[in-house]
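Each chain, written out:
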Amino acid sequence: MNAMTSPPKQRPALSNLLAGVLGGLVVLVVGAILIETDVIDTGDTTTRVVRQAPISQAATDPASTQDGKTVQQIYSQEGRGVVFIQAEGVTEDSTLGGSQSGTATGSGFVVDKDGTILTNAHVVEGASKVTVSFQEGGEAIAADVKGIDTDADIAVLKIDPSGRDLTVLPLGNSSAAKVGDPVVAIGNPFGLQRTVTTGIVSALQRQVDAPSGFPISGVIQTDASINPGNSGGPLLNAQGQVIGINSQIATGGGQGSVGIGFAIPIDSAKQELPKLRAGEKIKRAYLGVVMSDLNAQTAKLAGVPVDEGAVVQTVTNGSPADKAGLHAGSQSGRGADVIVALDGKAVTSADDVVQAVSAKQPGDTVSVEYYRGNDKHTANVTLGERPKSLSSSGSQQAPQDNGGLPFNLP
(Lines give C-alpha, C1' and ligand atoms only; values in the text may rest on other atoms or scores of the structure.)
Protein backbone atom coordinates (compact mmCIF):
# COMPACT_ATOMS: atom_id res chain seq x y z
CA MET A 1 0.00 0.00 0.00
CA ASN A 2 1.31 3.42 -0.91
CA ALA A 3 0.76 6.08 1.73
CA MET A 4 1.30 9.61 0.45
CA THR A 5 2.21 11.83 3.35
CA SER A 6 3.39 15.29 4.20
CA PRO A 7 4.41 14.15 7.66
CA PRO A 8 6.22 16.24 10.18
CA LYS A 9 9.55 15.00 11.41
CA GLN A 10 9.09 12.06 13.71
CA ARG A 11 9.42 12.54 17.44
CA PRO A 12 12.48 10.81 18.96
CA ALA A 13 11.66 7.50 20.56
CA LEU A 14 11.40 7.36 24.33
CA SER A 15 12.90 3.87 24.14
CA ASN A 16 15.50 3.95 21.44
CA LEU A 17 16.51 0.36 22.04
CA LEU A 18 14.20 -2.47 22.88
CA ALA A 19 15.25 -2.42 26.48
CA GLY A 20 13.47 -2.03 29.75
CA VAL A 21 13.27 -2.71 33.39
CA LEU A 22 10.53 -5.27 34.19
CA GLY A 23 10.00 -4.76 37.87
CA GLY A 24 13.70 -4.38 37.74
CA LEU A 25 14.65 -6.50 34.76
CA VAL A 26 16.18 -5.28 31.52
CA VAL A 27 16.00 -6.92 28.14
CA LEU A 28 17.85 -5.87 25.00
CA VAL A 29 16.74 -6.86 21.51
CA VAL A 30 19.49 -6.13 19.01
CA GLY A 31 18.45 -4.34 15.84
CA ALA A 32 14.95 -3.43 16.96
CA ILE A 33 13.66 -0.07 18.13
CA LEU A 34 10.63 0.58 20.30
CA ILE A 35 9.04 3.93 19.50
CA GLU A 36 5.99 5.83 20.58
CA THR A 37 3.58 6.03 17.71
CA ASP A 38 3.03 9.77 17.69
CA VAL A 39 4.45 12.44 15.41
CA ILE A 40 6.05 15.80 16.21
CA ASP A 41 5.94 18.78 13.87
CA THR A 42 9.31 20.52 13.90
CA GLY A 43 8.74 22.62 10.81
CA ASP A 44 9.82 20.06 8.22
CA THR A 45 7.24 20.26 5.41
CA THR A 46 8.97 17.85 3.05
CA THR A 47 6.53 15.57 1.26
CA ARG A 48 7.49 11.92 1.34
CA VAL A 49 5.97 8.85 -0.26
CA VAL A 50 6.26 5.82 2.00
CA ARG A 51 5.64 2.27 0.81
CA GLN A 52 4.14 0.26 3.66
CA ALA A 53 5.70 -3.18 3.98
CA PRO A 54 3.01 -5.88 4.05
CA ILE A 55 2.22 -7.28 7.49
CA SER A 56 3.28 -10.85 8.07
CA GLN A 57 -0.26 -12.22 8.20
CA ALA A 58 -3.34 -11.57 6.13
CA ALA A 59 -5.91 -9.32 7.79
CA THR A 60 -8.62 -11.21 9.59
CA ASP A 61 -12.26 -10.12 9.45
CA PRO A 62 -13.68 -10.00 12.99
CA ALA A 63 -17.02 -11.15 11.54
CA SER A 64 -15.49 -14.58 11.08
CA THR A 65 -15.83 -15.10 14.83
CA GLN A 66 -19.09 -15.89 16.54
CA ASP A 67 -21.19 -12.78 17.24
CA GLY A 68 -18.46 -10.61 15.73
CA LYS A 69 -18.99 -7.44 13.71
CA THR A 70 -17.47 -6.80 10.30
CA VAL A 71 -14.62 -4.32 9.98
CA GLN A 72 -17.00 -2.00 8.14
CA GLN A 73 -19.50 -2.14 11.01
CA ILE A 74 -16.84 -1.42 13.63
CA TYR A 75 -15.41 1.44 11.57
CA SER A 76 -18.79 3.06 10.88
CA GLN A 77 -20.07 2.66 14.44
CA GLU A 78 -17.03 3.10 16.69
CA GLY A 79 -14.85 5.10 14.28
CA ARG A 80 -16.94 8.22 14.89
CA GLY A 81 -15.70 8.28 18.49
CA VAL A 82 -12.00 8.32 17.53
CA VAL A 83 -10.34 11.74 17.61
CA PHE A 84 -7.28 13.36 16.04
CA ILE A 85 -5.17 15.07 18.73
CA GLN A 86 -2.75 17.97 18.33
CA ALA A 87 -0.63 18.92 21.33
CA GLU A 88 1.38 22.11 21.03
CA GLY A 89 4.60 22.75 22.93
CA VAL A 90 5.44 19.12 23.65
CA THR A 91 9.13 18.69 24.51
CA GLU A 92 10.74 15.30 24.48
CA ASP A 93 14.26 14.49 25.64
CA SER A 94 16.02 11.94 23.49
CA THR A 95 18.22 9.22 24.93
CA LEU A 96 20.55 10.07 22.06
CA GLY A 97 20.99 13.55 23.54
CA GLY A 98 19.22 16.86 23.07
CA SER A 99 15.49 17.53 22.82
CA GLN A 100 12.78 18.51 20.37
CA SER A 101 9.67 20.58 20.77
CA GLY A 102 6.77 21.21 18.45
CA THR A 103 3.25 19.98 17.80
CA ALA A 104 2.73 16.31 18.57
CA THR A 105 -0.13 14.55 16.83
CA GLY A 106 -1.82 11.38 17.94
CA SER A 107 -5.16 9.70 18.49
CA GLY A 108 -7.70 9.25 21.25
CA PHE A 109 -11.26 8.03 21.78
CA VAL A 110 -14.39 9.14 23.62
CA VAL A 111 -15.33 7.13 26.72
CA ASP A 112 -18.16 9.26 28.12
CA LYS A 113 -20.89 11.50 26.74
CA ASP A 114 -19.59 14.23 29.05
CA GLY A 115 -16.62 14.67 26.68
CA THR A 116 -14.06 12.47 28.44
CA ILE A 117 -11.37 11.13 26.09
CA LEU A 118 -8.61 8.56 26.64
CA THR A 119 -5.20 8.76 24.99
CA ASN A 120 -1.50 8.13 25.71
CA ALA A 121 0.40 10.25 28.20
CA HIS A 122 3.29 10.70 25.76
CA VAL A 123 0.96 12.37 23.24
CA VAL A 124 0.04 15.28 25.52
CA GLU A 125 2.58 15.39 28.36
CA GLY A 126 4.08 18.87 28.68
CA ALA A 127 1.74 20.40 26.09
CA SER A 128 0.73 24.05 26.44
CA LYS A 129 -2.36 23.60 24.24
CA VAL A 130 -4.31 20.50 23.20
CA THR A 131 -7.05 20.29 20.57
CA VAL A 132 -9.05 17.40 19.12
CA SER A 133 -11.04 17.00 15.93
CA PHE A 134 -13.47 14.32 14.82
CA GLN A 135 -13.04 14.50 11.07
CA GLU A 136 -10.63 15.61 8.36
CA GLY A 137 -10.58 19.39 8.29
CA GLY A 138 -13.10 19.50 11.12
CA GLU A 139 -13.29 21.95 14.02
CA ALA A 140 -10.27 21.97 16.33
CA ILE A 141 -11.93 21.62 19.76
CA ALA A 142 -10.04 22.78 22.84
CA ALA A 143 -9.31 19.96 25.27
CA ASP A 144 -8.28 20.12 28.92
CA VAL A 145 -5.74 17.60 30.19
CA LYS A 146 -7.44 16.31 33.33
CA GLY A 147 -4.87 13.73 34.37
CA ILE A 148 -1.68 12.02 33.22
CA ASP A 149 -0.01 8.83 34.40
CA THR A 150 3.40 8.47 32.75
CA ASP A 151 3.95 5.13 34.51
CA ALA A 152 1.04 3.61 32.57
CA ASP A 153 1.24 5.92 29.51
CA ILE A 154 -2.39 6.96 30.00
CA ALA A 155 -3.92 10.43 29.84
CA VAL A 156 -7.48 11.71 30.21
CA LEU A 157 -8.75 14.72 28.25
CA LYS A 158 -12.04 16.61 28.52
CA ILE A 159 -13.89 18.60 25.89
CA ASP A 160 -17.11 20.61 26.11
CA PRO A 161 -19.84 18.22 24.91
CA SER A 162 -22.42 20.98 24.36
CA GLY A 163 -24.17 20.62 21.02
CA ARG A 164 -22.17 17.52 20.07
CA ASP A 165 -23.55 14.06 19.47
CA LEU A 166 -20.58 12.16 20.83
CA THR A 167 -20.03 8.49 20.04
CA VAL A 168 -18.83 6.64 23.13
CA LEU A 169 -16.64 3.60 22.51
CA PRO A 170 -17.56 0.60 24.68
CA LEU A 171 -14.74 -0.63 26.90
CA GLY A 172 -14.15 -4.37 26.90
CA ASN A 173 -11.99 -6.59 29.09
CA SER A 174 -8.37 -6.96 28.06
CA SER A 175 -8.11 -9.89 30.48
CA ALA A 176 -10.48 -11.83 28.22
CA ALA A 177 -8.30 -11.40 25.11
CA LYS A 178 -6.71 -14.53 23.70
CA VAL A 179 -3.84 -15.02 21.29
CA GLY A 180 -5.28 -15.31 17.79
CA ASP A 181 -8.32 -13.12 18.47
CA PRO A 182 -9.05 -10.73 15.56
CA VAL A 183 -8.58 -7.03 16.32
CA VAL A 184 -9.12 -3.67 14.64
CA ALA A 185 -7.00 -0.53 15.15
CA ILE A 186 -8.38 2.92 14.35
CA GLY A 187 -6.26 6.05 14.47
CA ASN A 188 -4.44 8.79 12.60
CA PRO A 189 -1.11 7.42 11.31
CA PHE A 190 1.10 10.16 9.84
CA GLY A 191 -1.85 12.55 10.24
CA LEU A 192 -4.12 10.46 7.97
CA GLN A 193 -7.28 10.76 10.02
CA ARG A 194 -9.47 7.83 10.99
CA THR A 195 -7.45 5.08 9.35
CA VAL A 196 -8.47 1.47 10.07
CA THR A 197 -6.21 -1.58 10.04
CA THR A 198 -6.83 -5.18 11.08
CA GLY A 199 -4.87 -8.05 12.56
CA ILE A 200 -4.85 -10.43 15.47
CA VAL A 201 -3.68 -10.57 19.07
CA SER A 202 -0.15 -11.84 18.50
CA ALA A 203 0.82 -12.28 22.14
CA LEU A 204 -0.20 -11.31 25.67
CA GLN A 205 1.62 -10.28 28.85
CA ARG A 206 4.30 -8.31 27.04
CA GLN A 207 6.09 -5.51 28.88
CA VAL A 208 7.24 -2.19 27.47
CA ASP A 209 8.86 0.96 28.83
CA ALA A 210 6.57 3.73 30.02
CA PRO A 211 7.53 7.39 29.43
CA SER A 212 8.80 7.38 33.03
CA GLY A 213 11.19 4.53 32.20
CA PHE A 214 9.40 2.06 34.46
CA PRO A 215 7.73 -0.97 32.90
CA ILE A 216 4.13 -1.47 31.85
CA SER A 217 3.04 -5.09 32.20
CA GLY A 218 0.15 -7.03 30.67
CA VAL A 219 0.67 -5.32 27.31
CA ILE A 220 -1.09 -6.69 24.22
CA GLN A 221 1.01 -7.41 21.14
CA THR A 222 -0.70 -7.16 17.74
CA ASP A 223 0.21 -7.40 14.07
CA ALA A 224 -2.43 -4.82 13.09
CA SER A 225 -0.49 -2.10 11.27
CA ILE A 226 0.27 0.71 13.71
CA ASN A 227 2.40 3.73 12.79
CA PRO A 228 3.42 7.16 14.14
CA GLY A 229 0.20 9.04 14.81
CA ASN A 230 -1.72 5.95 16.03
CA SER A 231 -0.65 6.62 19.64
CA GLY A 232 -3.66 6.81 21.93
CA GLY A 233 -6.06 5.20 19.48
CA PRO A 234 -8.21 2.18 20.30
CA LEU A 235 -7.46 -1.48 19.66
CA LEU A 236 -10.89 -3.14 19.39
CA ASN A 237 -12.04 -6.74 19.56
CA ALA A 238 -14.51 -8.47 17.24
CA GLN A 239 -17.44 -6.99 19.16
CA GLY A 240 -16.18 -3.45 18.67
CA GLN A 241 -15.08 -3.12 22.30
CA VAL A 242 -11.82 -1.39 23.22
CA ILE A 243 -9.32 -3.84 24.70
CA GLY A 244 -6.20 -1.68 24.42
CA ILE A 245 -4.73 1.75 23.77
CA ASN A 246 -2.22 1.62 20.90
CA SER A 247 1.06 2.95 22.21
CA GLN A 248 4.31 1.62 20.76
CA ILE A 249 5.74 -0.29 17.83
CA ALA A 250 8.89 -2.28 17.24
CA THR A 251 10.69 -1.46 14.00
CA GLY A 252 13.56 -3.01 12.15
CA GLY A 253 15.48 0.25 12.31
CA GLY A 254 13.03 2.20 10.15
CA GLN A 255 10.14 4.45 11.08
CA GLY A 256 7.07 2.38 10.29
CA SER A 257 5.23 -0.78 11.23
CA VAL A 258 6.73 -4.22 10.72
CA GLY A 259 3.72 -5.96 12.23
CA ILE A 260 4.77 -5.72 15.89
CA GLY A 261 2.68 -3.24 17.82
CA PHE A 262 1.86 -2.87 21.50
CA ALA A 263 -1.32 -1.68 23.24
CA ILE A 264 -1.79 -0.70 26.87
CA PRO A 265 -4.44 -3.04 28.36
CA ILE A 266 -7.78 -1.27 28.75
CA ASP A 267 -8.28 -2.89 32.17
CA SER A 268 -5.46 -0.69 33.48
CA ALA A 269 -7.10 2.41 32.03
CA LYS A 270 -10.48 1.52 33.54
CA GLN A 271 -8.90 1.25 36.98
CA GLU A 272 -7.23 4.64 36.69
CA LEU A 273 -9.97 6.53 34.85
CA PRO A 274 -11.92 7.73 37.93
CA LYS A 275 -8.81 9.19 39.57
CA LEU A 276 -7.34 10.72 36.43
CA ARG A 277 -10.57 12.40 35.34
CA ALA A 278 -10.75 13.90 38.84
CA GLY A 279 -7.20 15.23 38.49
CA GLU A 280 -5.79 12.92 41.16
CA LYS A 281 -2.23 11.64 41.13
CA ILE A 282 -1.68 7.92 40.70
CA LYS A 283 0.64 6.62 43.44
CA ARG A 284 2.48 3.32 43.12
CA ALA A 285 4.37 1.19 45.60
CA TYR A 286 8.14 0.91 45.21
CA LEU A 287 10.60 -1.77 46.34
CA GLY A 288 13.77 -0.50 44.67
CA VAL A 289 15.35 -3.54 43.04
CA VAL A 290 16.36 -4.64 39.56
CA MET A 291 15.83 -8.37 39.06
CA SER A 292 16.14 -11.23 36.62
CA ASP A 293 14.62 -14.69 36.50
CA LEU A 294 16.50 -17.47 38.25
CA ASN A 295 17.75 -20.27 36.00
CA ALA A 296 19.96 -23.30 36.58
CA GLN A 297 23.18 -21.45 35.78
CA THR A 298 22.31 -18.45 37.96
CA ALA A 299 21.21 -20.72 40.81
CA LYS A 300 24.62 -22.37 40.75
CA LEU A 301 26.44 -19.02 40.76
CA ALA A 302 24.24 -17.70 43.56
CA GLY A 303 24.70 -20.92 45.51
CA VAL A 304 20.99 -21.29 46.32
CA PRO A 305 19.12 -24.61 46.76
CA VAL A 306 16.18 -23.58 44.52
CA ASP A 307 15.63 -23.34 40.76
CA GLU A 308 12.85 -20.72 40.67
CA GLY A 309 12.78 -17.17 41.97
CA ALA A 310 13.85 -13.58 41.27
CA VAL A 311 17.56 -12.76 41.35
CA VAL A 312 18.35 -9.36 42.89
CA GLN A 313 20.83 -7.72 40.53
CA THR A 314 20.66 -4.13 41.79
CA VAL A 315 19.42 -2.53 45.00
CA THR A 316 18.84 1.22 44.85
CA ASN A 317 20.60 3.15 47.60
CA GLY A 318 18.17 4.30 50.27
CA SER A 319 15.29 2.29 48.82
CA PRO A 320 12.96 0.11 50.91
CA ALA A 321 14.87 -2.98 49.73
CA ASP A 322 18.16 -1.37 50.78
CA LYS A 323 16.80 -0.47 54.21
CA ALA A 324 15.55 -4.04 54.64
CA GLY A 325 19.03 -5.40 53.97
CA LEU A 326 18.58 -7.07 50.58
CA HIS A 327 21.86 -7.66 48.73
CA ALA A 328 22.58 -7.50 45.01
CA GLY A 329 25.03 -9.71 43.18
CA SER A 330 26.91 -9.37 39.93
CA GLN A 331 25.11 -9.32 36.60
CA SER A 332 25.80 -13.05 36.36
CA GLY A 333 24.00 -13.54 39.68
CA ARG A 334 27.05 -14.46 41.73
CA GLY A 335 26.47 -13.59 45.39
CA ALA A 336 22.94 -12.32 44.83
CA ASP A 337 19.91 -12.69 47.07
CA VAL A 338 17.12 -14.70 45.43
CA ILE A 339 13.51 -13.76 46.31
CA VAL A 340 11.32 -16.86 46.56
CA ALA A 341 8.10 -15.56 48.20
CA LEU A 342 6.18 -12.36 48.98
CA ASP A 343 3.56 -12.42 51.72
CA GLY A 344 3.74 -16.20 51.70
CA LYS A 345 3.03 -16.54 47.97
CA ALA A 346 5.68 -18.32 45.94
CA VAL A 347 7.77 -16.26 43.51
CA THR A 348 8.85 -18.10 40.36
CA SER A 349 10.03 -15.11 38.29
CA ALA A 350 10.91 -11.44 38.48
CA ASP A 351 7.49 -10.59 37.07
CA ASP A 352 5.84 -12.22 40.09
CA VAL A 353 7.56 -9.64 42.28
CA VAL A 354 6.52 -6.82 39.94
CA GLN A 355 2.88 -7.91 40.02
CA ALA A 356 2.85 -8.38 43.80
CA VAL A 357 4.34 -4.94 44.46
CA SER A 358 2.02 -3.33 41.88
CA ALA A 359 -0.96 -4.61 43.86
CA LYS A 360 0.23 -2.75 46.97
CA GLN A 361 0.15 0.89 48.04
CA PRO A 362 2.99 3.09 49.33
CA GLY A 363 3.35 2.47 53.06
CA ASP A 364 2.19 -1.15 52.91
CA THR A 365 4.42 -3.75 54.53
CA VAL A 366 5.29 -6.96 52.70
CA SER A 367 7.05 -10.08 53.92
CA VAL A 368 9.92 -10.93 51.58
CA GLU A 369 11.42 -14.42 51.76
CA TYR A 370 14.78 -14.87 50.08
CA TYR A 371 17.84 -17.07 49.94
CA ARG A 372 21.36 -15.83 50.52
CA GLY A 373 23.38 -18.86 49.58
CA ASN A 374 21.92 -21.86 51.41
CA ASP A 375 20.40 -19.72 54.17
CA LYS A 376 16.77 -18.62 53.96
CA HIS A 377 15.79 -15.24 55.41
CA THR A 378 12.61 -13.22 55.88
CA ALA A 379 12.46 -9.41 55.82
CA ASN A 380 9.47 -7.19 56.49
CA VAL A 381 9.72 -4.36 53.98
CA THR A 382 7.74 -1.12 54.15
CA LEU A 383 7.16 -0.09 50.54
CA GLY A 384 7.88 3.45 49.43
CA GLU A 385 6.33 5.59 46.69
CA ARG A 386 7.67 5.07 43.21
CA PRO A 387 9.83 8.04 42.08
CA LYS A 388 8.79 10.17 39.13
CA SER A 389 11.14 8.40 36.74
CA LEU A 390 13.43 5.41 36.66
CA SER A 391 16.48 7.65 36.27
CA SER A 392 15.61 9.61 39.41
CA SER A 393 15.34 6.36 41.37
CA GLY A 394 19.05 5.75 40.96
CA SER A 395 18.49 2.21 39.74
CA GLN A 396 20.94 0.70 37.29
CA GLN A 397 19.64 -1.47 34.47
CA ALA A 398 20.92 -5.01 34.11
CA PRO A 399 20.49 -7.15 30.99
CA GLN A 400 18.58 -10.41 30.97
CA ASP A 401 18.10 -12.96 28.22
CA ASN A 402 14.40 -13.43 27.54
CA GLY A 403 14.70 -15.19 24.24
CA GLY A 404 14.70 -11.97 22.24
CA LEU A 405 11.27 -10.84 23.44
CA PRO A 406 10.63 -7.09 23.85
CA PHE A 407 10.06 -6.94 27.59
CA ASN A 408 10.58 -4.04 29.97
CA LEU A 409 10.00 -3.91 33.77
CA PRO A 410 9.57 -1.57 36.89
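Residues numbered from 1 in each chain as written. Predicted model: local features only at pLDDT ≥ 70, side-chain atom pairs only at ≥ 80, totals over all residues. Heavy atoms only, no water.

Peer 1: Honestly, the overall build of the protein in this entry has me stumped. Any pointers?
Peer 2: The secondary structure content of the protein amounts to seven helices and 25 strands. When the 410 residues of the protein are sorted by exposure, 55% land in the buried category. A separation of at least 24 residues holds for 68% of the contacts in the protein among residues at least 6 apart in sequence. With an accessible surface of roughly 16800 Å², the protein has 47% of that area assigned to carbon and sulfur atoms. (Helix = DSSP H or I, 4+ residues; strand = E, 2+ residues; numbered from the N terminus. Buried < 20%, exposed > 50% of the residue type's maximum accessible area, 1.4 Å probe, protein only. Contact = heavy atoms within 4.5 Å. Areas by Shrake-Rupley, 256 points an atom, 1.4 Å probe, with all protein chains shown as cover.)

Peer 1: Could you clarify how one ought to interpret the pairing of strand β7 (residues 116-119) in this entry?
Peer 2: The two faces of the sheet receive side chains in turn, since in a regular strand these alternate between them. Side chains Thr-116 and Leu-118 project from β7 onto one buried face, and the interleaved Ile-117 and Thr-119 project onto a second face that is buried too. Bridge count for β7 against strand β11 (residues 154-158) is four bridges, and the pairing is antiparallel. Bridge assignment links Thr-116 to a residue of β11, and that residue is Lys-158. (Pairing = 2+ DSSP bridges.)

Peer 1: What am I meant to see in the nonpolar core here?
Peer 2: Taken as a class, soluble globular proteins show a tendency for nonpolar side chains to be buried jointly. Counting residues in hydrophobic clusters, the biggest one holds 27 residues, and the most contacted among them are Phe-109, Leu-118, Ile-154, Leu-236, Ile-245 and Ile-266. Within the residue set of this core, elements represented by two or more residues are α1 (71-78), β11, β12 (182-187), β14 (215-222), β16 (242-251), β17 (261-265) and α3 (266-277). Of the residues forming this core, the biggest block, four residues, is contributed by α3. If we ignore the near neighbours within four places in the chain, the residues touching Leu-118 are Gly-108, Phe-109, Val-111, Ile-154, Ala-155, Val-156, Gly-232, Ile-245, Ile-266, Ala-269 and Leu-273. (Core = buried A, V, L, I, M, F, W, Y, C linked by side-chain atoms within 4.5 Å.)

Peer 1: Where do I start with the environment of Ile-249 in this structure?
Peer 2: Positionally, Ile-249 belongs in strand β16. Judged by relative accessible area, Ile-249 falls into the buried class, the value being 0%. Separated by ten residues in the primary sequence, Ile-249 and Gly-259 place their C-alpha atoms 8.2 Å from one another.

Peer 1: I keep staring at the environment of Gly-318 and nothing clicks. Help me out?
Peer 2: Locating Gly-318 in the fold gives a position in the loop between β20 (310-315) and α5 (320-323). Exposure remark for Gly-318: the relative accessible area of 44% places this residue in the partly exposed category. Here the alpha-carbon distance between Gly-318 and Gly-288, two residues 30 residues apart in the chain, equals 8.6 Å.

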